[in-house]
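# Structural features, examined
For reference, the chains in residue letters:
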There are 2 protein chains.
Amino acid sequence: MEKFLALSDEKQTLIRNAALSCFSQHGYEKASINDIAKMAGISKASLFQYFGTKQNLYEYLVEHSSTQMKAVYQEQALYANADFFDRVQQAIIMKIDNLKKNPYIVAFIISVAKEPSIEISEHIKDLMQEGEKHLHDLMLRDADLVKFKHPEDAPLLFRTLMHIGYGIVDEIEGVSDFDRIVCEMENILKMLKYHFYKEEYLL
Amino acid sequence: MEKFLALSDEKQTLIRNAALSCFSQHGYEKASINDIAKMAGISKASLFQYFGTKQNLYEYLVEHSSTQMKAVYQEQALYANADFFDRVQQAIIMKIDNLKKNPYIVAFIISVAKEPSIEISEHIKDLMQEGEKHLHDLMLRDADLVKFKHPEDAPLLFRTLMHIGYGIVDEIEGVSDFDRIVCEMENILKMLKYHFYKEEYLL
DNA sequence: ATCACGAATAACCGATTCGGTCAATACAAA
DNA sequence: TTTGTATTGACCGAATCGGTTATTCGTGAT
């Protein structure tokens, strides 16, 4: 492991991304060290020099990815007091930003959660909790309800925004045009806000 | 091949589903005949008895799946004259219904489109076109625009509904509670219609 | 120029799995 | 019991698996 950490950051990232990509595409069993080495442009022997065993490499990736991910969560504390729509908008932008900056890590973590038989690592369980907490910050509050023309719409609109968020994140998938989709999402939220809020709350 | 078609329908389906599942999970190269045979509960030798080669089995699945899928498209002609929201609602319900009835086939076709190196089979290309045509039937028409409080909202609302559709379909993923999500989707569309349509068009 | 030393790899290991074959078995009809 | 067929366990050579080792390569000091 020290052997690997002594490499240049670029090379570390290159190797990590190759491994993350292979494992998330094929799963632990079907991903082979040969594939990873080839994709990283290094020899198989080097991989074993760095990590010892396949399982060791995988565990390193789990730990590194969840650490990285938690750091993102940390620096992304939501403004708890912001308006409902602003909170949702900020959350989706964060999600997209993260997806853009760490595509391999996001895909890998999702794949780890799908791994059969192997009990989900503690790190990943922690991550799930962290995600739950984030989601809770988005929830509707009483303070928001008064702004709605029809407050009884609010819960369903919240669900709607969740669907939109999932949909947008899902549609991205390798598309490089992040800015366009972020812009569209902002316009969608503005439009919905206009139709659902009372006039006096449209800033 | 005739050997396979002579089997009972239930056994055919059992074997097909096992193969569809393996291929869509692991891709052509990494899916093994052993896995498929084990999942289907038959011997590997039988699979070769039925299909001759791995590639033959795969090609049969592509053909069968696209045929099945086209049949679904055929019987699902959209009412061209219906109201905008009704068309969208009907389309999403169809999508969900199809996903519920043919989960293995849908997943397999998506995986075929992702297969690297192998040129996309003609059948699948046809399917894509069919899907495009379906989508075109959803498009906004001039007749719809007059119903909107703000006709300029319509294109963006259309995009919004697409996102919601993708989001909902994506969230389903094995969840058995189709009816609940269909119901929620209907409520969402009703709510949006209420806020975006002029009063006199709210039937 | 050469030596020394760590990093990288080509070549190799036994074991397993691959796609595919075939002879033996299980089974149903006659 | 015999015959024909559906199914499979056992097997094939080739490839690939995770992992090791002996050699080569690159570099910095002498």
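Since we're looking at a predicted model, the values are computed, not measured. (Residues numbered from 1 in each chain as written. Chains lettered and ligands numbered in written order. Predicted model: local features only at pLDDT ≥ 70, side-chain atom pairs only at ≥ 80, totals over all residues. Heavy atoms only, no water.)

### Structural notes on the overall build of chain A
Stated formally: What counts as a helix is a DSSP run of H or I of at least four residues, what counts as a strand is a run of E of at least two, and both are numbered from the N terminus. Here's how the labels work: a residue is buried when its accessible area is under 20% of the maximum for its type, exposed when over 50%, partly exposed in between, all with a 1.4 Å probe on protein chains only. Here a residue-residue contact requires only that any non-hydrogen atoms of the pair lie within 4.5 Å. Per-residue accessibility takes into account occlusion by the displayed protein chains alone, with areas from the Shrake-Rupley method and a 1.4 Å probe. Positive charges come from Lys and Arg, negative ones from Asp and Glu, while His and the chain ends are left out of the count. Lysine's charge is taken at NZ, arginine's at CZ, aspartate's at CG and glutamate's at CD.
Within chain A, the secondary structure is distributed over eleven helices and zero strands. Seen along its three principal axes, the alpha-carbon backbone of chain A occupies a region of about 65 × 35 × 30 Å. Buried residues in chain A amount to 44% of all 203 residues. When contacts within chain A are restricted to residue pairs at least 6 apart in sequence, long-range pairs at least 24 apart make up 69% of them. For chain A, the exposed surface amounts to about 11200 Å²; the carbon and sulfur share of it is 54%. Side chains of chain A carry 23 positive and 31 negative charges; the gap between the two charge centres is 3 Å.

### Quick word on empty space enclosed by the protein
Residues and elements named next belong to chain B. Heads up, the rule is: For cavity detection a 1 Å grid was placed over the protein atoms alone, and a set of points counts as a cavity when a 1.4 Å probe fits there but cannot get out; an open set counts as a pocket when protein lies on both sides within 12 Å along at least five of seven lines, with lining residues being those that have an atom within 4 Å of a point. Grid points are joined across faces, edges and corners, and a volume is the space filled by probe spheres set on the points.
Following the criterion strictly, the structure yields one cavity of 30 Å³ or more and no others. Quantified by volume, the largest cavity comes out at close to 40 Å³. Elements that contribute at least two residues to the lining of the largest cavity include exactly helix 4 (44-51) and helix 5 (54-75). Here the lining of the largest cavity takes three residues from helix 4, the largest share from any one element.

### Some points on the relation of the copies chain B and chain A
We count it as follows: Superposing copies: least-squares fit, C-alpha atoms only, residues required to have pLDDT of at least 70 in both.
Take chain B, turn it by 180°, move it 0.0 Å along the axis, and it overlays chain A with an RMSD of 0.1 Å. Viewed as a symmetry operation, the transformation between the two copies matches a two-fold axis. Every residue of chain B has its C-alpha some distance from the rotation axis, and the shortest such distance is that of Gly167 of chain B, at 1.8 Å. In this assembly, 93% of the residues forming the interface of chain B have copies in chain A that are likewise at the interface, indicating an isologous arrangement.

### Observations concerning the protein's contact with DNA strand C
Condition: Throughout this document, a residue counts as near a molecule or strand when at least one of its heavy atoms sits within 4 Å of that molecule or strand. Here a polar contact is recorded for every N or O atom pair within 3.5 Å, except that within protein the pair must consist of a potential hydrogen donor and a potential acceptor, and residues adjacent in sequence are included only if both atoms are side-chain atoms. Put simply, Ala, Val, Leu, Ile, Met, Phe, Trp, Tyr, Cys and Pro go in the nonpolar bin, Asp, Glu, Lys and Arg in the charged bin, and everything else, Gly too, in the polar bin.
The local shell around DNA strand C holds 15 residues, among which Ser46 and Tyr50 of chain A together with Asn34, Lys44 and Lys54 of chain B are the closest. In DNA strand C, atoms within 4 Å of the protein come 54% from sugar and phosphate. Residue Ser43 of chain A places a main-chain N or O atom 3.2 Å away from a phosphate oxygen belonging to DNA strand C. Within the backbone of Ala31 of chain B, one N or O atom sits 3.4 Å away from a phosphate oxygen of DNA strand C. Only helix 4 (44-51) of chain A together with helix 3 (33-40) and helix 4 of chain B provide two or more residues apiece to the surface near DNA strand C. For the surface near DNA strand C, the per-class residue count stands at seven nonpolar, five polar and three charged.

### Some thoughts on the protein's contact with DNA strand D
What surrounds DNA strand D is a group of 16 residues, the closest being Asn34, Lys44 and Lys54 of chain A together with Ala45 and Ser46 of chain B. Of everything in DNA strand D that lies within 4 Å of the protein, sugar and phosphate atoms constitute 51%. In this structure, a phosphate oxygen belonging to DNA strand D sits 2.6 Å away from a side-chain N or O atom of Asn34 of chain A. Between DNA strand D and Ser46 of chain B, the relevant distance is 2.8 Å, taken from a phosphate oxygen to a side-chain nitrogen or oxygen of the residue. Among the elements of the structure, helix 3 (33-40) and helix 4 of chain A together with helix 4 of chain B are those that each provide at least two residues to the surface near DNA strand D. Of all the elements, helix 4 of chain B adds the most residues to the surface near DNA strand D, at four residues. Residue composition of the surface near DNA strand D, by class: seven nonpolar, six polar and three charged.

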